[in-house]
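Notes for the structure review
Residues per chain, in single letters:
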Amino acid sequence: MPALSRLAATETKLFFREPIVVFFALAFSPVLFGVLGLIPALRDPGPDGVRMISRYLPIVVAMGVALFSLSGLSQLFASYREKGVLRRMRLTPVKPTVLLGAQLLMAMVLSAASTLVILLTGWLAFGIDLPQQLPGYLLSFALLALALFAIGLLVAALARSAKSASAVGSLVFFPLVFFAGLWLPRADMNDVLRTISDLTPLGAGVQALQDTASGNLPQLLHLGVMLGWLVVAGGLAARYFRWE
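Going along each chain's sequence as written, the residues are numbered from 1 onward. Local features in this predicted model are restricted to residues of pLDDT 70 or higher, and side-chain atom pairs are both shown and tallied only at a pLDDT of 80 or more, whereas totals for entire chains, interfaces and linings draw on every residue. In computing side-chain values, all of the structure's heavy atoms are included and hydrogens and water are not.

**Side note on the confidence of the model for the protein**
Scored by pLDDT, the protein comes out at a mean of 89, with 99% of its residues at no less than 70. Each residue carries a pLDDT score, the predictor's confidence in it, ranging from 0 to 100. Strands here mean DSSP runs of E at least two residues long; helices mean DSSP runs of H or I at least four residues long; both are numbered from the N terminus. Within the protein, helix α10 (residues 201-213) carries the highest mean pLDDT (96), whereas helix α5 (residues 85-89) carries the lowest (78).

**As for the side chain of Glu 11**
Mapping Glu 11 onto the fold places it in helix α1 (residues 2-15). Exposed residues in this analysis have more than 50% of their type's maximum accessible area, buried residues have under 20%, and partly exposed residues fall in between, with area computed by a 1.4 Å probe over protein chains only. When charges are counted, neither His nor the chain ends are considered; positive counts come from Lys and Arg and negative counts from Asp and Glu. In the sections that follow, a salt bridge refers to a side-chain nitrogen of Lys or Arg positioned within 4 Å of a carboxyl oxygen of Asp or Glu. Buried Glu 11, no salt bridge; nearest opposite-charge side chain is Arg 17, N-O distance 10 Å. Those residues within four positions of Glu 11 in sequence are excluded, and the remaining contacts are Tyr 80, Leu 99, Gln 103 and Met 106. A contact between two residues is defined here by any heavy atoms of the two lying within 4.5 Å.

**With respect to the nonpolar core**
Among buried residues, the Ala, Val, Leu, Ile, Met, Phe, Trp, Tyr and Cys ones that are joined through side-chain atoms within 4.5 Å form a nonpolar core. The biggest cluster of nonpolar side chains holds 70 residues, and the ones touching the most others in it are Phe 15, Phe 33, Leu 57, Phe 68, Leu 148 and Leu 202. Among all residues touching Leu 202, those that are not within four sequence positions of it are Ala 62, Ala 66, Leu 144, Leu 148, Leu 176, Val 177 and Ala 180.

**A look at the side chain of Arg 51**
Along the polypeptide, Arg 51 turns up in the loop between α3 (40-43) and α4 (52-82). For the buried Arg 51, which has no salt bridge, the nearest side chain bearing the opposite charge is Asp 129, at an N-O separation of 7.4 Å.

**A look at a nonpolar patch on the surface**
Residues qualify for a patch when their relative accessible area is over 30% and they have no salt bridge, like charges being joined within 9 Å and the nonpolar side chains of Val, Leu, Ile, Met, Phe, Trp and Tyr within 5 Å. Each accessible area value is a Shrake-Rupley result obtained with a 1.4 Å probe; residue values ignore everything except the protein chains displayed when judging cover. A surface patch of nonpolar side chains, amounting to about 560 Å² of accessible area, comprises Leu 158, Leu 227, Val 231, Val 232, Leu 236 and Tyr 240. Looking at the nonpolar patch element by element, the count peaks at five residues for helix α11 (residues 220-240). Structurally, the position occupied by Tyr 240 is in helix α11. Of the residues examined, Tyr 240 reaches a relative accessible area of 42% and is grouped as partly exposed.

Shown next as structure tokens:
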């Protein structure tokens, strides 16, 4: 644990030396949410009395975690393997698996911090209530983040270089955020699209965050979908990940 925490702190310092990666992994989602909140039409209540900016909050949260996973974590591990960092670490007392744990710890903490900024922005600037079912919200966020990080590690496992990890990550990212409701809200999707959305990690995560934010418990279907993605993607990443 001391080695894990020290390595996580070191990796965090190295992470913040890449301003472009930091912006898209941490700052882009809060900035995007702030811009969306400035659009008057999104702040007006809809026919059902719910404002669109409230619907977009969990979508932006999920998108932020996906950006961290597919544009940051996957490229980082692919570049470490490409540059021989993981191979050289085998000559030290710190095993490469500890580096993996440190990266996941860093990603989880920083993603949670970015999400907190979005929630506070919604509450203070746009009058959006904080999550009313906090334990369910935390559980939903944790499963969503872990499932996406597992997918990011799978991309890193299959990619031959950091550039190919970036390309594959982008190809995976855009379909995921579509089914999360970024361009077409889940409420406006037809039955087929909504069913597909329910089976994606972002679609299930967004709905679970929406349910718990309004005070309801997350649906077992959505929790099961995220857990399934975590197990399958994590298992495949462990099976095919190459340290050299």
